[in-house]
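Next come the chains, spelled out residue by residue.
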Amino acid sequence: MSSSGVRVWDRSGMWMHWFAVAYLLMAVPCMGFLPNFWSRVLTLSWGSHTHQHITEQAILNVTLETLMASNKQQHNLTQEQTGLGRGFWRAVGEVVKSNAAMDFLSSTRSDPVYHFDSERVDSAMVMLRQFWAQTLLSVRAKEYQTARQSLGQLFHSLQDFYSHSNWVEMGQHTIYLHLLQPEEPALPVAKDDTPTCMECFSATCRDNLLPRLAHRQQHSPLLTTGYFSTVPSKPEGKCSHGGILDSSRHKGAKGGINKDSTSPLFSPHHYLHVEAANLATEATLSVLRDLRDTVGHTSFLKLFSVKQAPALVFVMDTTGSMFEEITAARRRAFSIIQNRAETPGQPRTFLLVPFHDPDVGPVYETDDPDQFMSYMEDLMALGGGDEPEMCLSAIQLALTHSPPLSEIFVFTDASPKDAHLFSAVKALTLEKQCKVTFLLTEDPSQTMKSRGKRRKRRSEPLSPDRFSLYSSLSSVSGGLTVFTTNSDIHRVSTIVEDNTAANKVTLLHVESEDDLMSSHSFRVDSSVKTVTLHVTGNLIDCSLTDPSGRSQSLLSEHGPLAELEHFKGLYRISLLSPIQPGQWDLQARTDGHFTFNIIGDSNVDFLYYFATVANETHPGLARVDGSPIAGIPIFLVLAVTGLAPNQDASFSHATLLGANGESLQQVWLNSSSSSSSYSGEELVGWVESVPRVPFCIRLSGRDSRGNKLERVSTEMIQPTHVQIQVLSVPRLVPGHSAMVHFDVLNHGPARLFNLTADDDSGYLHQRGPHSFPVAERGSLRGQVDLHTPATAEAGQTVTLTLTVRALDSPDSNYAVAYLTVFPPDPDISPPSCSTTQVQRPCPAQCTNSTWSVSLAVSDRGRSGLAALQLHQGGGVLTLFHSPPTTGDSLEEAQLQADQNRTGHGSHHRPHSHPHHRARLKKGDPPMNVSEWVAGSSQPLWGRYTSSCCAPQAELLVWDGAGNMRRCHLSSSQQRQKKERSTETSGAGTMTHTSFLPPCIGLIIVSMTTKVFCWSN
């Protein structure tokens, strides 16, 4: 996902063509807009809009729109897009994944409610509103990962409505507001015994809907959606979904109405596909704008990790022997904050997790650097006395609270006491693609230790491999394990600063146990600004050669190519400027285990995932959760991020690299031919056989100057022969129990497995391990039970980790599910606005005329009014405790006219009206009104007055639960008739709304003659 300057070398087009043809021969039913880019290949409908395209385009557009509004300056949109960051595209990918999963998960793919099929419109609308409530709840709780999950689910069902219903055929050109606004006009859904379609005997079905369902001008139009497959059974005379993969199309009425694609083979109403896709896009945009205006610009940008610098995450052992380590971490944090103040590289998230034995936490999380330093200053090294500590528990907490792609730094001198958590911690590390680096102030070869500075010293025997779990975790995640000393810990901690730099990319990552001379190479392209090498272990000899052939022995103090700093346990090597593009060679002789990690400063990076062809109900590529299965073919999908408009790059292949940097397999890449030009083309490769050993991925190509360009993803992928798949993710209700169902699939011989479950909140009934047999190539379905206490806070996310391990081999795999605590009866009704319009509009000459509208806002839910903001409009909104009188209205209109002439505003100026509270203008922040009204149903009165030259305005109103209402105000009589009760944005909103009360209000149009009226 990058700018459009990506080119791909076509080396494997033929196999993709034949693969698509073969797939079609065995394909089974599909429904919904096609899930993702690869669906167009499988259905041969190249011009189709997919769920992926619609979702990505909408998120990008509203994000750029939000950035422009937040910065209040003119910016180049292309430059803004380039700087969105790798984290942004990963966040977008999470929404897209959740959207597509509705077509792939066994619990949702065939359920008509999730796809607006089989006339289950009412149930689908209830579900949409639940998805919205859950998204809002999660964002307000800063649980952004679960918010992205529910948002993707909402988008899928919402988009499907326009493809599966007769809304487009009715001639509608705007979105159906009633889907999430019960008070908006609703169309009745055809009853079970009401025929909806006529027979159609061709691939393209034109005019096969009965007249009442196809023409908006009909007196009593009806809404319908197509029936799909055999469940539920289609009544005679009903419309089918249609297409060659829908078995219900053969039952009368034959044919179908879906607009999923541009292909008549799959979509009988393919000629309306673009219209349906445009409305689906408009509805998706509306959801995002309402979400942004409800939670605020800052939270919206955090939801999508926009321009998110790497988080600063410390896991700190606070036992008595850790004084120097705590001091070093404190100084390093201060250095990062000071050096990056007021720069894009300043971390946006700070996280501190202290631990010792037996206590872990609490988690200190903030976006305020001063607050973080205050947390660091409060740390004290106390207690201790025994060697193992609760380190993995603390890392687990850090992982559940850290954003994806984070770097986590662990300061300790003790081995883990909670080794049973290793599998869960490893699973979270891989799922969130976080790197874990350990800074250990302890000699691993030491077998006796005196522990505790404030207690009587005592010696204890120590295992020589007691730190092996740390080394394994850092190796799997792509981090480092550094064994240093108290005297060197401050200087060693420079790697914290290096690895949390913005735009950090990896050029090479190699680990080895060999004592022999080893040779490695890495490439520097024209986008790389700085290069730093980190080497752990003991170097005997090391030399560096640049692309022109110049060499330098790095263990010497000075040289023309690089500068070396040596601390106990770490070599830090910085290439000297100017850095020559091309291939650099590194030769080293080491004593025992070593790690080379070479990082650079560049915007250009990549994301990836593995996928398989979904051959159930929806053609497309389904992402593989957990580790891939060894020895079988699989798709590798990559997306390049960060290419600037003037950067032209081509990418030919990816290489699967073993732990020692050796090449295991080359994977040639093809373009996905994605129509999403703003995000570039996704690159798709066919892995003929997944390696049977751990591997990482290197992407290779060339920059605009012909230099080879390489990037490495450092986490080690762990191939396996067992899978575990979560089938459903229920909502958690306080005081109730819930079940999470899963499947274990054995791709090896018959054997015994252990299952371990873990959650970060203690809600599980049983954690395991549980042993069970699974037959060769067999599967087992199971469940875990969770009980949510009555005191659980709404919006809380519970992270559930399931790990399965074979008892006779290293085979293991994992699944991670995020569950949201949802109140049993949430307030999902937003405030209401009531207005009345007089009969006389503003004159054609607007200069010296004003208009005024009075309104009442109230909350019909249980939360009460919370805040108001004048979002659009050039006038002034005055708030009252009771309805304003006619004299007040005349005075306010005259005041506004005077202000328009003099250019002076009156925000929050006192007024003679005894019940006047405040005035609002566009640009003012939301005003808290929660204490102004006694009781949730008592209205708050307002009057908006503006020049006739600014004939429209928009007021945003929130209740205490965060539900938002858009109130449109206008001087136009025709517009007011059309929008008799205020509505949300013209594109339609997905904000939950309540039925509006009878119109209660006072409208004043201020011209030569002043008139007013009451309406009940």
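Residues numbered from 1 in each chain as written. Predicted model: local features only at pLDDT ≥ 70, side-chain atom pairs only at ≥ 80, totals over all residues. Heavy atoms only, no water.

Caption draft 1: Inspection of the overall build of the chain at higher detail. The number of helices and strands found in the chain is 18 helices and 45 strands. When contacts within the chain are restricted to residue pairs at least 6 apart in sequence, those whose partners lie at least 24 apart make up 73%. Summing over all exposed atoms, the chain offers an accessible surface of approximately 38,400 Å²; the carbon and sulfur share of this is 51%. (Helix = DSSP H or I, 4+ residues; strand = E, 2+ residues; numbered from the N terminus. Contact = heavy atoms within 4.5 Å. Areas by Shrake-Rupley, 256 points an atom, 1.4 Å probe, with all protein chains shown as cover.)

Caption draft 2: Molecular detail of the sheet that holds strand S14 (residues 551-553). Strand order in the open sheet formed by four strands is S11-S17-S13-S14, and the pairing between neighbours is antiparallel. Because the sheet does not close on itself, it has two edges, and the strands there are strand S11 (517-524) and S14. With direction set aside, neighbouring strand axes in the sheet form an average angle of 20°. With three bridges connecting them, strand S13 (residues 539-545) and S14 associate as antiparallel partners. Looking at S14, one finds that Leu-544 is bridged to Gln-552. (Pairing = 2+ DSSP bridges. Axes fitted to C-alpha atoms, helices over the stretch in contact; angles between N-to-C directions.)

Caption draft 3: Structural context of helix H14 (residues 468-477). Burial in H14 covers these residues: Tyr-470, Leu-473, Ser-474, Ser-475, Val-476 and Ser-477. A positive backbone phi angle near 90° is found at Gly-478, which sits one or two residues after H14. (Buried < 20%, exposed > 50% of the residue type's maximum accessible area, 1.4 Å probe, protein only.)

Caption draft 4: Layout of helix H11 (residues 369-378). Of the positions making up H11, those classed as buried are Pro-369, Phe-372, Met-373 and Met-376. One side of H11 carries all its buried residues, which in axial view fall inside an arc of 100°. For H11, the exposed residues set more than 90 degrees away from the buried face come down to Asp-370 and Asp-378. Where H11 is buried, its residues touch strand S2 (312-317), helix H10 (323-339), strand S3 (350-355) and strand S4 (364-366). (Arc of directions from axis to C-beta.)

Caption draft 5: Quick peek at the nonpolar core. Residues Phe-88, Tyr-162, Leu-179, Leu-288 and Phe-304 are the most contacted members of the largest nonpolar core, which totals 60 residues. Those elements giving two or more residues to this core turn out to be helix H3 (51-71), helix H5 (86-104), helix H6 (121-140), helix H7 (144-164), helix H8 (273-295) and helix H9 (297-303). With 10 residues, the top contributor of residues to this core is H8. Among all residues touching Phe-304, those that are not within four sequence positions of it are Ile-59, Thr-63, Gly-87, Phe-88, Ala-91, Val-95, Leu-151 and Leu-288. Grouped together as the second largest cluster of nonpolar side chains are 31 residues, Val-313, Val-315, Leu-473 and Val-816 included. (Core = buried A, V, L, I, M, F, W, Y, C linked by side-chain atoms within 4.5 Å.)

Caption draft 6: Structural view of the side chain of Ser-627. Mapping Ser-627 onto the fold places it in the loop between strand S20 (620-623) and strand S21 (634-641). Within the structure, Ser-627 has its side chain in polar contact with the backbone oxygen of Gln-718 (distance 3.1 Å). Filtering out sequence-adjacent residues up to four positions away, Ser-627 remains in contact with Gln-718, Thr-720, Asn-813 and Tyr-814. (Polar contact = N/O pair within 3.5 Å; in protein donor to acceptor, adjacent residues only side chain to side chain.)

Caption draft 7: Region of interest: empty space enclosed by the protein. Inspection of every chain in the model, using the stated rule, returns four cavities of 30 Å³ or more. There is about 60 Å³ of room inside the largest cavity. Looking at the largest cavity, the residues that line it are Glu-407, Lys-435, Thr-437, Gly-478, Gly-479, Leu-480, Asn-499, Lys-504, Thr-506, Asn-597, Ile-599 and Thr-714. Per-class residue counts for the lining of the largest cavity are two nonpolar, seven polar and three charged. (1 Å grid on protein atoms, 1.4 Å probe; cavity = no way out; pocket = protein on both sides within 12 Å on 5 of 7 lines; lining within 4 Å. Points joined across faces, edges and corners; volume = space filled by probe spheres on them. Nonpolar A, V, L, I, M, F, W, Y, C, P; charged D, E, K, R; others polar.)

Caption draft 8: Structural detail: the pairing of strand S28 (residues 737-746). Across five bridges, the pairing between strand S27 (residues 722-726) and S28 is antiparallel. Directly across from Gln-723, in S28, lies its bridge partner Leu-745. Examined bridge by bridge, S28 and strand S31 (residues 779-787) share nine bridges and lie antiparallel to one another. Counterpart to Val-740 in the pairing with S31 is Val-784.

Caption draft 9: Representation of the environment of Ala-817 in the model. Here Ala-817 is to be found in strand S33 (residues 812-820). A sequence separation of 58 residues divides Ala-817 from Asp-759, and the C-alpha atoms of the two residues are 9.5 Å apart. Ignoring any residue separated from it by four or fewer positions in sequence, one finds Ala-817 in contact with Val-726, Val-729, Val-798, Thr-799 and Leu-800.

Caption draft 10: Seen up close, the sheet that holds S31. Pairing is antiparallel across the open sheet formed by three strands, whose spatial order is S27-S28-S31. Each edge of the open sheet carries a strand with a single partner, namely S27 and S31. Averaged over neighbouring strand pairs, the angle between their axes works out to 25° when direction is ignored.

Caption draft 11: Structural context of the packing of H6 against H8. At a minimum axis distance of 11 Å, the contact between H6 and H8 shows a crossing angle of 40°. Note on packing geometry: the crossing formed by H6 with H8 is right-handed. Together, Trp-132, Thr-135, Leu-136 and Val-139 of H6 and Val-287, Asp-290, Leu-291, Thr-294 and Val-295 of H8 make up the contact between the two elements. Looking at the contact of H6 with H8 residue by residue, the class counts come to six nonpolar, two polar and one charged. (Left-handed = near helix turned anticlockwise from the far one by under 90°.)

Caption draft 12: Here's a closer look at the packing of H3 against H7. Contact geometry of H3 with H7 gives a least axis separation of 11 Å together with a crossing angle of 115°. One finds that H3 runs roughly perpendicular with respect to H7. The element H3 and its partner H7 pack so that their crossing is right-handed. Counting all contacts with H3, which are made through His-51, Ile-54 and Thr-55, the residues of H7 involved are Phe-155, His-156, Gln-159 and Asp-160. Its residues placed into classes, the contact of H3 with H7 shows two nonpolar, four polar and one charged. (Parallel < 35°, antiparallel > 145°, perpendicular 65-115°, else oblique.)

Caption draft 13: Fine view of the pattern of salt bridges. Considering all chains together, one arrives at 28 salt bridges under this definition. A salt bridge links Asp-293 to Arg-966; the nearest nitrogen and oxygen atoms lie 2.5 Å apart. Taken together, the positions of Asp-293 in helix H8 and Arg-966 in strand S42 (residues 964-970) put the pair 673 residues apart, joining distant regions of the chain. Taking relative accessible area as the criterion, Arg-966 reaches 2% and is therefore assigned buried. (Salt bridge = Lys/Arg side-chain N within 4 Å of Asp/Glu carboxyl O.)

Caption draft 14: A look at unusual backbone geometry. Across the junction of Gly-252 and Ala-253, the peptide omega takes the value 0°, indicating a cis bond. With respect to the helices and strands, Ala-253 occurs in the loop between H7 and H8. Cis geometry is found at the peptide bond from Ser-577 to Pro-578, where omega equals -5°. If you trace the backbone, Pro-578 turns up in the loop between strand S16 (570-575) and strand S17 (582-590). For Asp-207, which is not a glycine, the phi torsion comes out positive at approximately 55°. When you line up the elements, Asp-207 lands in the loop between H7 and H8.

Caption draft 15: Representation of the environment of Glu-282. Within the fold, Glu-282 resides in helix H8. Taking the C-alpha atoms as reference points, Glu-282 and Ile-54, 228 residues apart in sequence, are found 9.3 Å from one another.

Caption draft 16: Local environment of the pairing of strand S36 (residues 865-872). In terms of burial, S36 is largely enclosed, as six of its eight residues are buried. The sheet contact formed by S36 and strand S41 (residues 952-959) spans six bridges and is antiparallel. What sits directly across from Gln-869, in S41, is Leu-956. Here S36 runs beside strand S39 (residues 927-928); their pairing, made up of two bridges, is antiparallel. The partner of Ala-867 across the bridge, within S39, is Asn-928.

Caption draft 17: Summary view of the packing of aromatic side chains. Counted under the stated rule, the structure contains 22 aromatic pairs. Aromatic pair Tyr-364 and Tyr-375: ring centres 4.7 Å apart, planes at 35°, arrangement tilted. Separated by 11 residues along the polypeptide, Tyr-364 in strand S4 and Tyr-375 in helix H11 bring together distant segments of the chain. Here Tyr-364 falls in the partly exposed class, since its relative accessible area comes to 28%. Here a set of aromatic residues connected by ring pairs shows up, and it is made of Phe-116, Phe-161, Tyr-162, Trp-167 and Tyr-176. It is Arg-206 that lies over the ring of Tyr-271; its NZ or CZ is 4.1 Å from the centre. Here the guanidinium or amino end of Arg-731 rests over the ring plane of Phe-822, the centre of that ring lying 5.3 Å away. (Phe/Tyr/Trp six-rings, centres within 6.5 Å; stacked < 30°, edge-to-face > 60°. Lys NZ or Arg CZ within 6 Å of the ring centre and 35° of its normal.)

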